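Each chain, written out:
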Amino acid sequence: GAVVSQHPSRVICKSGTSVKIECRSLDFQATTMFWYRQFPKQSLMLMATSNEGSKATYEQGVEKDKFLINHASLTLSTLTVTSAHPEDSSFYICSATGTGESYNEQFFGPGTRLTVL
Amino acid sequence: GNSVTQMEGPVTLSEEAFLTINCTYTATGYPSLFWYVQYPGEGLQLLLKATKADDKGSNKGFEATYRKETTSFHLEKGSVQVSDSAVYFCALNNQGGKLIFGQGTELSVKP
């Protein structure tokens, strides 16, 4: 089946620094990637949708200047949390859809646990 | 708008008990319906799906039937195991490829 990886799996950083999270589709071309945020014991909140080669579409209430998303290739999308603060601490999950059999189904990465001190 | 409602958890069962997690939805058009499972500290895994009315999705002993007349997609398993302990999310995928998730239901299975 389609595999999506994320790196790093967990990261701890100081307040004010920026953190980059990578999302890769390992065995298919991801035409669309999604970034979610999940708080403890809560559901996933969609942050943004990115299509390869174009700007990401952010959900209402998500600061695009704080959460920079780049989808430069068909296998890689990155989420950069700029000037991170403790309230940005969360579990970030990406997913990807592709073409053919992987169209219309999202394949999820294992998630990245971000802790901002 | 589109929405998914799941029964609240946590649900605690003994091993080999019967499981039902209710899920109902509101959507325009004809969405695809999904159940995802999330084990502690991990991302989501697709458990099963159904793309049209009366379809039954099944996997690993879990089943769910797409009921258009009741707008439901309840998850069932005849005999749960300790290893089934996880959080289960019902979701729909309608237009634009976005998934709309329910709030999740935590299942705890005791030996």
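Residues numbered from 1 in each chain as written. Chains lettered and ligands numbered in written order. Predicted model: local features only at pLDDT ≥ 70, side-chain atom pairs only at ≥ 80, totals over all residues. Heavy atoms only, no water.

### Focus on the overall build of chain B
To keep things clear, this is the line we draw: Numbering of helices and strands runs from the N terminus, with a helix taken as a DSSP run of H or I at least four residues long and a strand as a DSSP run of E at least two residues long. A simple rule labels every residue: compare its accessible area, found with a 1.4 Å probe on the protein chains alone, to the largest value its type can have, and call it buried under 20%, exposed over 50%, or partly exposed in between. Throughout, a contact is declared for two residues whenever any of their heavy atoms are within 4.5 Å. With residues, only the protein chains shown are counted as cover, and all accessible areas are computed by Shrake-Rupley using a 1.4 Å probe.
When you go through chain B residue by residue, the secondary structure sums to zero helices and 12 strands. Along the chain direction, N to C, the helices and strands of chain B fall in the order β-β-β-β-β-β-β-β-β-β-β-β. Here the C-alpha coordinates of chain B stretch approximately 45 × 30 × 20 Å along the principal axes. Across the 111 residues of chain B, 44% fall into the buried class. Within chain B, counting contacts between residues at least 6 apart in sequence, those at least 24 apart form 56% of the total. Element-wise, carbon and sulfur atoms account for 47% of the exposed surface of chain B, whose accessible area totals about 5,300 Å².

### Here we look at the interface of chain B and chain A
Stated formally: Each of two parts loses accessible area, computed with a 1.4 Å probe, when they are put together; buried area is these two losses added. Think of a salt bridge as a Lys or Arg side-chain nitrogen and an Asp or Glu carboxyl oxygen that are within 4 Å of each other. Each polar contact in these results corresponds to two N or O atoms within 3.5 Å; when the atoms are within protein, one needs to be able to donate a hydrogen and the other to accept it, and residues that are neighboring in sequence are counted only if both atoms are side-chain atoms. All amino acids are sorted into three groups, where Ala, Val, Leu, Ile, Met, Phe, Trp, Tyr, Cys and Pro are nonpolar, Asp, Glu, Lys and Arg are charged, and the leftover types, Gly among them, are polar.
Listed as interface residues are 19 residues of chain B and, on the opposing side, 18 residues of chain A. Carbon and sulfur atoms supply 49% of the area that chain B and chain A bury against each other, a total of about 1,400 Å² over both sides. Sorting the residues of chain B by area buried against chain A places L44(B), K98(B) and F101(B) first, and these three jointly supply 30% of that buried surface. The partner of K41(A) in a salt bridge is E106(B), and the shortest N-O contact between them spans 3.7 Å. Inspection of the chain B/chain A interface yields five residue pairs in polar contact (both at pLDDT 80 or more). Counting residues per element, the ones that place at least two in the side of chain B that touches chain A are β5 (32-38), β6 (44-50), β10 (86-93) and β11 (99-101) of chain B. Counting residues per element, the side of chain B that touches chain A draws most heavily on β5(B), at four residues. Residue composition of the side of chain B that touches chain A, grouped by class: seven nonpolar, eight polar and four charged.

### With respect to the sheet that holds strand β3 (residues 19-25) of chain A
Residue and element names in this part refer to chain A. Under the convention used in this document: When DSSP finds at least two bridges between two strands, those strands are taken to pair. Only C-alpha atoms enter the line fits that serve as axes; for helices the fit covers just the stretch in contact. Angles between N-to-C directions range over 0 to 180 degrees.
As summarised here, the arrangement of the four strands in space is β1-β3-β8-β7, forming an open sheet in which the pairing is antiparallel. Each edge of the sheet is formed by a strand with only one pairing partner; in this case those strands are β1 (4-7) and β7 (67-73). Going from strand to strand, the sheet's axes swing by 15° on average, the running direction of each strand aside.

### Remarks on the sheet that holds strand β8 (residues 62-65) of chain B
All names here are of chain B. Spatial ordering of the open sheet is given by β3-β9-β8-β7, a layout of four strands whose pairing is antiparallel. With partners counted over all chains shown, the strands left at the sheet margins are β3 (19-21) and β7 (56-59), one partner each. For this sheet the average axis-to-axis angle between neighbouring strands, irrespective of direction, equals 15°. In the sheet, β3 pairs with strand β9 (residues 75-77) via three bridges, with the strands oriented antiparallel. For I21, the partnering residue across the bridge sits in β9 and is L75.

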